[in-house]
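This is what each chain is made of:
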Amino acid sequence: SQLRTVVQGMPKAELHIHIEGSLEPELIFALAERNGVKLTYPSVDALRQAYAFTDLQSFLDIYYAGASVLLKEQDFYDMTAAYLKKAEADNVRHTEIFFDPQTHTARGVPMETVINGIYNACQDSPVSASLILCFLRHLSEDDAMATLEQALPFRDKYIGVGLDSSEVGHPPEKFARVFERCRGLGLHIVAHAGEEGPPAYIQSALDVLKVERIDHGVRILEDQALTERVAREGIALTVCPLSNTKLRVFDQMKDHNLVQLLDAGLVATVNSDDPAYFGGYMNDNFLAVFESLPLGLSHAQRLARNSFAAAFLPDAQKQAFL
Ligand code: HPA
Ligand code: ZN
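Residues numbered from 1 in each chain as written. Chains lettered and ligands numbered in written order. Predicted model: local features only at pLDDT ≥ 70, side-chain atom pairs only at ≥ 80, totals over all residues.

An unreviewed UniProt entry annotates the chain as Adenine deaminase of Pseudoduganella ginsengisoli. What UniProt states about the chain under its Function (unreviewed entry) heading is, verbatim, "Catalyzes the hydrolytic deamination of adenine to hypoxanthine. Plays an important role in the purine salvage pathway and in nitrogen catabolism." UniProt's Sequence similarities (unreviewed entry) comment on the chain is quoted here verbatim: "Belongs to the metallo-dependent hydrolases superfamily. Adenosine and AMP deaminases family. Adenine deaminase type 2 subfamily." (UniProt positions renumbered as here; feature names shortened; annotations may be inferred.)

Next comes the structure, spelled out in structure tokens:
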């Protein structure tokens, strides 16, 4: 169809992708074999069968189990290179990649192994790529602070910090001090908020952490004053449609509020979140929303423009991608 051709051909930026969530079952098994890691699933098919999620936590349990096969710098490199190939095929010109160091350092993998593997794959790709270090919000702020400390020797290899993992019960303000420190270091600031958590978490991400973008943020429409503020301030939302339906934030794609977000004047973008787990990469996410929602070609172009507008790139570089 014409839409498929337009979506495929549009230059776009991806602003919400967890690199550990790009680990395909086949690569999980290959790395398990290479590293002598025992998996609790007997086969690729059995693992894929387990990808039937009921909420965020049911996904996170399997996502952290999958990441346990990553041990060596080459493993992080191979995972990242595989994602960047998919991004390139989808005409993603720029990507800002989240990584979760605590998932790995807690297993004894050195910080430099994690960062160097991911970073070197980015250097070797034709796709422009920057890294955003995410703190796991189910862990303590002290643990986040220690993680930041471990990552400081590699400060030139990531451009920002984010906040992910189990949202409800772990509000942004739990991490006020570590994000203050990050701001002092000149890092870009983002946080997951309003995926499963209430609009109050979006508000404290803005007011306490001082985020420049909100990851997910789809529950914002429950608070009209907050919606108007975020629209006025031009703070982007990195929306992940396939993630939202797989994790039952919305029952079905036809129930997704992307159209309402755009109609409210919000700078919404479309992203893949954890493409190996949620059934698709960037263009799959675009095609899924266009199939189910009343969106047209002009919306596709608007979403692509939004993705560059919200990227952490100098204006001249954004122009060069369009
Ligand atoms: N939400 C919170 N944490 C995550 C996600 C998400 O969508 N993906 C990977 N970690
Ligand atoms: Zn996410």
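Caption draft 1: Region of the structure containing the overall build of the chain. When its secondary structure is counted, the chain shows 17 helices and eight strands. Judged by the C-alpha coordinates and their principal axes, the chain covers about 50 × 45 × 40 Å. Across the 322 residues of the chain, 47% fall into the buried class. Considering only contacts in the chain between residues 6 or more positions apart, those separated by 24 or more positions represent 76%. (Helix = DSSP H or I, 4+ residues; strand = E, 2+ residues; numbered from the N terminus. Buried ≥ 20, exposed ≤ 12 C-beta atoms within 10 Å, placed from the backbone. Contact = placed C-beta atoms within 7 Å.)

Caption draft 2: Highlighting the sheet that holds strand β8 (residues 267–270). Pairing in this open sheet of eight strands is parallel, and the strands run β1-β2-β3-β4-β5-β6-β7-β8 from one edge to the other. At either end of the open sheet lies a strand with only one pairing partner, and these are β1 (12–18) and β8. Averaged over all pairs of adjacent strands, the angle between their axes in this sheet comes to 25°, without regard to strand direction. Inspection of the sheet shows strand β2 (residues 92–99) paired to strand β3 (residues 128–136) by six bridges, in the parallel sense. In the strand pairing of β3, Ile 97 is matched with Leu 131. (Pairing = 2+ DSSP bridges. Axes fitted to C-alpha atoms, helices over the stretch in contact; angles between N-to-C directions.)

Caption draft 3: Representation of the site of ligand 1 within the structure. Residues in close proximity to ligand 1 include His 18, Gly 21, Leu 56, Tyr 63, Asp 164, Ser 165, His 192, Glu 195, Ser 243, Asp 273 and Asp 274, which together make up its full environment. Residue classes in the shell around ligand 1 are distributed as two nonpolar, five polar and four charged. (Near = placed C-beta within 6 Å. Nonpolar A, V, L, I, M, F, W, Y, C, P; charged D, E, K, R; others polar.)

Caption draft 4: Main features of helix α7 (residues 111–123). Spanning 13 residues, α7 covers 18 Å between terminal C-alpha atoms, matching the ideal 18 Å at 1.5 Å per step. All buried positions along α7 are accounted for by Thr 113, Val 114, Ile 115, Gly 117, Ile 118, Tyr 119, Ala 121 and Cys 122. In this fold, the buried residues of α7 make contact with α5 (73–89), β2, α6 (101–105), β3 and α8 (141–151). (Expected span 1.5 Å × (residues − 1).)

Caption draft 5: Spatial organisation of the packing of α5 against α7. The geometry of α5 relative to α7 is characterised by a closest axis approach of 7 Å and an angle of 35° between their N-to-C directions. Once α5 is placed against α7, the crossing between them reads as right-handed. Every residue of α7 that contacts α5 at Glu 73, Gln 74, Asp 75, Phe 76, Tyr 77, Thr 80, Ala 81 and Leu 84 is listed here: Thr 113, Val 114, Asn 116, Gly 117, Ile 118, Asn 120, Ala 121 and Cys 122. For the contact of α5 with α7, the per-class residue count stands at eight nonpolar, six polar and two charged. (Left-handed = near helix turned anticlockwise from the far one by under 90°.)

Caption draft 6: Seen up close, the UniProt feature "site: Important for catalytic activity" (unreviewed entry) in the chain. When the UniProt feature table is mapped to this numbering, "site: Important for catalytic activity" (unreviewed entry) covers His 216. Looking at where His 216 falls in the secondary structure, it is placed in strand β6 (residues 213–216). His 216 gets classed as buried once you count the C-beta atoms within 10 Å, which come to 28.

Caption draft 7: Structural detail: the environment of Leu 31. Its location among the elements puts Leu 31 in helix α2 (residues 25–35). On the basis of neighbour counts, which here come to 23 C-beta atoms within 10 Å, the residue Leu 31 falls in the buried class. Between the alpha carbons of Leu 31 and Lys 72 there is a distance of 9.7 Å; along the sequence they are 41 residues apart. In contact with Leu 31, not counting residues within four places along its chain, are Val 69, Leu 70 and Asp 75.

Caption draft 8: Focus on the UniProt feature "binding site: substrate" (unreviewed entry) in the chain. Mapped onto the present numbering, the UniProt feature "binding site: substrate" (unreviewed entry) falls on Asp 274. Its place among the elements puts Asp 274 in the loop between β8 and α14 (275–278). With 25 C-beta atoms counted inside 10 Å, the residue Asp 274 sits in the buried group. Non-local contacts of Asp 274, meaning those with residues more than four positions away in its chain, are made with His 18, Gly 21, Tyr 63 and Ser 243.

Caption draft 9: View of unusual backbone geometry. Phi at Asn 91 takes a positive value of approximately 65°, unusual for a residue other than glycine. For Ser 165, which is not glycine, the phi torsion reads 80° and is therefore positive. Structurally, Ser 165 is set in the loop between β4 (160–164) and α9 (176–184).

Caption draft 10: Focus on the confidence of the model for the chain. Mean pLDDT for the chain: 98, with 100% of residues reaching 70 or above. Reported confidences for the modelled complex are a pTM of 0.98 and an ipTM of 0.96. (pLDDT = per-residue confidence, 0-100.)

Caption draft 11: Up close: the environment of Gly 66. Inspection of the secondary structure assignment puts Gly 66 in helix α4 (residues 56–67). The class for Gly 66 is buried, based on 27 C-beta atoms found within 10 Å. With 41 residues separating them along the chain, Gly 66 and Pro 25 place their C-alpha atoms 8.1 Å apart. The residues contacting Gly 66, other than those within four sequence positions of it, are Leu 23 and Ile 28.

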